[in-house]
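Understanding the architecture of this molecule
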Amino acid sequence: MPSRAHQAVNRLLVCVAVVFASLLSPNSYAQEPIGEDAQAADPSQAASAVVRIEGLPDDVLNKGVRAIGETTNTAGFFPRSFGAARRAARRDAELFTTYLQSEGYYAAEVEARVVSGDHPYGITFYVTLGERFRVEQVKMVYTDEQAHPRPFALTDMGLDLPEDPTAATLEKTQANVLTYFRDNGYPRVRVISDRILANFSRQSAVLELSFETGPKAVFGATEWRGLDRLEQSYAETLIPWAQGDVFDLDALAQAREKLSETNLFSSIEISPGETDPATGKTPAIVTVTERSPRTIGVGGSYSTNKGPGVRIFWENRNILKRSEKLRVDLSVAQIEQELTTTLSKPFPRQQSTWSNTFAAGREDSDAFEEIRAGVSSAYAKRLSTKLSGRIGAGLEGSQLKEDGVTEDIILASFPVQLARNTVDSSLDPTKGTRLSIQATPYAGRADGFAGFGLVEVTGVFHQPLTSSRRVILSGWSRIGTTLAGSEGTVPSNKRYYAGGGGSIRGYGYQLAGPVDEDGDPEGGNAVAEFGLEMRGRVYKDVSLAAFFEGGSAFESRYPDFSERLLYGAGAGVRYHTAIGPIRVDFAVPLDRRSGIDDAFQFYISLGQAF
């Protein structure tokens with residue numbers, strides 16, 4: 001059956017384009033009139049042709065056939081003449097045949113018959129579908145000779161034989177074969193041709209793929225172009241391959257991602273160089289454009305209870321030429337002022353970072369007055385793409401004044417943290433979760449020897465409710481407890497508090513928990529908080545939000561849910577910018593306590609609440 005096979009091949013080659021075009025515009029054939037085949041300019045003056053398809057029992061195939069036809073146009077087919085109707089029917093018969101062959105019915109035949117006479121014309125398509133063919137083999141053909149052996153079967157590549165003979169499946173198979181070559185040392189592989197060899201007596205087909213692979217390559221020396229401020233020896237540590245490794249295009253993408261994470265480049269291009277035919281060594285050519293490593297920024301916030309606040313930061317992301325980052329933050333608010341300086345050094349091969357921090361601050365809240373200063377050091381390591389760990393040590397000294405009594409405190413801390421993060425954005429997340437578990441032992445002097453530990457678990461989720469992610473349901477929770485020690489040995493600045501803009505909105509700062517006879521917060525040895533927020537994009541960069549939050553601090557060491565919990569609710573507006581949403585929230589306490597809680601709270605800040 002060579003002629004029929006050749007005919008099936010030719011038809012299949014144009015099939016994908018025809019089907020794709022028809023899906024984009026099901027009525028495209030009816031909208032482009034050509035010459036005498038054009039439809040009547042005024043369909044109301046003519047009757048639509050009566051079109052039938054016989055011999056095609058499959059509803060899915062029938063729908064697919066009708067979607068691409070000029071005569072089967074859902075708006076109706078209004079031919080000017082019998083000749084125009086006949087020519088359109090013949091064109092559709094060829095289209096229908098090609099479509100059915102693209103679905104694996106290579107022996108399909110479609111005959112069109114047009115009945116003349118009074119309008120409307122009658123058009124009938126008679127379909128002989130036949131059996132659906134199966135893919136018997138994928139045959140690899142190489143047009144260039146190479147010294148290295150290359151696979152001739154899908155199983156040698158770890159790939160499965162296509163389950164069905166549709167054009168989409170066969171196209172996917174070809175893409176998988178290309179990916180295999182590109183990931184296994186053939187960066188310049190290209191498809192020369194592809195064709196279907198149909199065996200009509202066996203209802204089977206062979207997919208023949210012809211490739212030009214070029215020589216098998218290994219990584220040679222990396223060629224850097226555009227490096228100035230960043231030392232090349234450090235840039236080399238960001239490359240996930242070594243000389244002699246099999247050339248892998250996926251590794252180039254990984255390298256680009258690593259370089260991008262440094263935030264030191266405005267553009268990054270990585271491409272394979274020329275392969276040495278004698279050794280197979282292929283250099284990766286990395287071309288970068290460096291951006292300024294220095295950034296300065298200003299932010300502001302406001303809340304009814306805490307008043308206005310301003311935050312200024314300056315950072316240099318390459319201060320020692322090896323991507324070390326020095327950052328200085330100054331935050332000034334009515335209740336709290338703090339200066340923080342952090343120097344971080346990354347270790348790309350270990351996927352870890354060592355950071356050292358000096359912080360000094362002052363806080364004057366209803367709970368206590370404090371002047372503090374401290375140093376800390378921490379080592380953070382990425383354990384997987386989603387999981388990270390952190391250990392550290394710190395020393396902090398503070399002067400604490402509470403109820404007219406001043407106390408000098410010195411504490412050493414040894415925090416340990418494990419976190420899992422799958423959110424899609426740190427600035428404006430729309431999907432994913434964050435879970436963190438942190439334990440911090442403390443030892444030192446606070447009205448005598450102080451020894452205690454704090455354990456805290458926090459969780460956040462973001463779930464889109466629409467495919468466009470214009471409506472997001474987000475939630476958060478926090479549970480903390482104190483181990484060892486007692487209320488008397490845990491300083492006020494280390495107790496748990498709830499309430500405020502980053503906690504239970506609707507209540508004043510630190511006020512969602514126990515208070516003394518003057519209405520001042522006492523803090524607790526435990527805390528439990530939670531919240532839900534619905535966010536909906538209503539116009540371009542504007543979103544509306546509604547939220548409900550609750551919880552409390554507890555005097556007991558563990559959350560005691562038999563005690564009174566406090567609830568707040570509110571609504572807000574977000575204006576989305578490149579650096580995160582500007583957030584405005586209005587919240588009210590649902591369990592307002594007379595003489596303690598205000599009627600409402602108002603917040604303005606940058607970034608989502610959680």
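What counts as what
Residues numbered from 1 in each chain as written. Predicted model: local features only at pLDDT ≥ 70, side-chain atom pairs only at ≥ 80, totals over all residues. Heavy atoms only, no water. Helix = DSSP H or I, 4+ residues; strand = E, 2+ residues; numbered from the N terminus. Rg over C-alpha atoms; globule rule 2.2 N^0.38 Å. Areas by Shrake-Rupley, 256 points an atom, 1.4 Å probe, with all protein chains shown as cover. Buried < 20%, exposed > 50% of the residue type's maximum accessible area, 1.4 Å probe, protein only. Arc of directions from axis to C-beta. Polar contact = N/O pair within 3.5 Å; in protein donor to acceptor, adjacent residues only side chain to side chain. pLDDT = per-residue confidence, 0-100. Contact = heavy atoms within 4.5 Å. Phe/Tyr/Trp six-rings, centres within 6.5 Å; stacked < 30°, edge-to-face > 60°. Lys NZ or Arg CZ within 6 Å of the ring centre and 35° of its normal. Pairing = 2+ DSSP bridges. Axes fitted to C-alpha atoms, helices over the stretch in contact; angles between N-to-C directions. 1 Å grid on protein atoms, 1.4 Å probe; cavity = no way out; pocket = protein on both sides within 12 Å on 5 of 7 lines; lining within 4 Å. Points joined across faces, edges and corners; volume = space filled by probe spheres on them. Nonpolar A, V, L, I, M, F, W, Y, C, P; charged D, E, K, R; others polar.

Quick look at the overall build of the protein chain
Looking only at helices and strands, one finds seven helices and 28 strands in the protein chain. Its C-alpha atoms give the protein chain a radius of gyration of 35 Å, clearly above 25 Å, the size a compact globule of 610 residues would have. Judged by the C-alpha coordinates and their principal axes, the protein chain covers about 105 × 70 × 40 Å. When the accessible surface of the protein chain is totalled, it reaches about 31,000 Å², and 54% of it is carbon and sulfur.

Overview of helix H3 (residues 59–68)
Within the span of H3, buried status applies to Leu61, Asn62, Gly64, Val65 and Ile68. Down the axis, H3 shows its buried residues gathered within 165° of arc, on one side only. Opposite the buried face of H3, by more than 90 degrees, sit the exposed residues Asp59, Val60 and Lys63. At the N-terminal end of H3, a side-chain oxygen is found 2.8 Å from the backbone nitrogen of Val60, two or three residues along, and the residue is Asp58.

Some remarks on the confidence of the model for the protein chain
For the protein chain, mean pLDDT is 87; residues scoring 70 or higher make up 91% of the total. The spread of mean pLDDT over the elements of the protein chain runs between helix H2 (residues 28–31), the lowest at 31, and strand S20 (residues 416–421), the highest at 97. Counting interchain partners and residues more than four positions distant, the pLDDT-below-50 stretch residues 1–45 has 61 contacts.

Digging into the packing of aromatic side chains
For the structure shown, the criterion picks out 20 aromatic pairs. By way of ring pairs, the aromatic residues Tyr142, Phe152, Tyr180, Phe181, Tyr186 and Phe211 are connected into one cluster. For the cation-ring pair, Arg505 lies above Phe547, with the distance from its terminal atom to the ring centre recorded as 3.8 Å. The ring centre of Phe610 lies 5.0 Å from the NZ or CZ of Arg535, which sits over that ring.

Some remarks on the sheet that holds strand S8 (residues 223–225)
Read across the open sheet, the three strands follow the order S8-S11-S9; overall the sheet is mixed. Only two strands of the sheet have a single partner each, and these edge strands are S8 and strand S9 (265–272). Along the sheet, successive strands turn relative to each other by an average axial angle of 15°, direction set aside. Here seven bridges tie S9 to strand S11 (residues 284–290), and the two strands are oriented antiparallel to one another. Paired with Ser267 across the two strands is Thr289, which belongs to S11. Seen against the sheet, helix H7 (residues 249–261) touches S8, S9 and S11 and runs at an angle of roughly 165° to S9.

So, the environment of Ile410
Secondary-structure assignment places Ile410 in strand S19 (residues 405–413). Residue Ile410 is classed as partly exposed on the basis of its relative accessible area of 44%. Sequence spacing of Ile410 and Ile335 is 75 residues, and the spatial spacing of their C-alpha atoms is 22 Å. Apart from residues no more than four positions distant in its own chain, Ile410 is found in contact with Leu395, Glu396, Gly397, Ala443, Gly444 and Arg445.

Notes on empty space enclosed by the protein
Counted under the stated rule, the structure contains two cavities of 30 Å³ or more. The space that makes up the largest cavity amounts to roughly 40 Å³. Lining the largest cavity we find Arg229, Leu230, Leu264, Phe265, Glu290, Arg291, Pro293 and Asn318. Per-class residue counts for the lining of the largest cavity are four nonpolar, one polar and three charged. Those elements that place two or more of their residues in the lining of the second largest cavity are strand S18 (387–402) and S19. In terms of residue class, the lining of the second largest cavity is made up of three nonpolar, three polar and two charged.

Focus: the pairing of strand S6 (residues 204–212)
Here S6 lies mainly inside the structure; eight of its nine residues are buried. Both strand S4 (residues 134–142) and S6 contribute to a ladder of eight bridges, which runs parallel. Looking at S6, one finds that Arg134 is bridged to Ser204. Alignment of strand S5 (residues 190–199) against S6, held across nine bridges, turns out to be antiparallel. Bridging across to S6, Ser193 finds its partner in Ser210. In this antiparallel pair of consecutive strands, S5 and S6, the connection spans four residues, and Gln203 shows a positive phi of 50°.

Quick look at the side chain of Ser355
By secondary structure assignment, the location of Ser355 is in strand S16 (residues 352–364). Beyond its immediate chain neighbours, meaning those up to four positions away, Ser355 contacts Thr342, Leu343, Ser344, Ser376, Ser377, Ala378 and Arg390.

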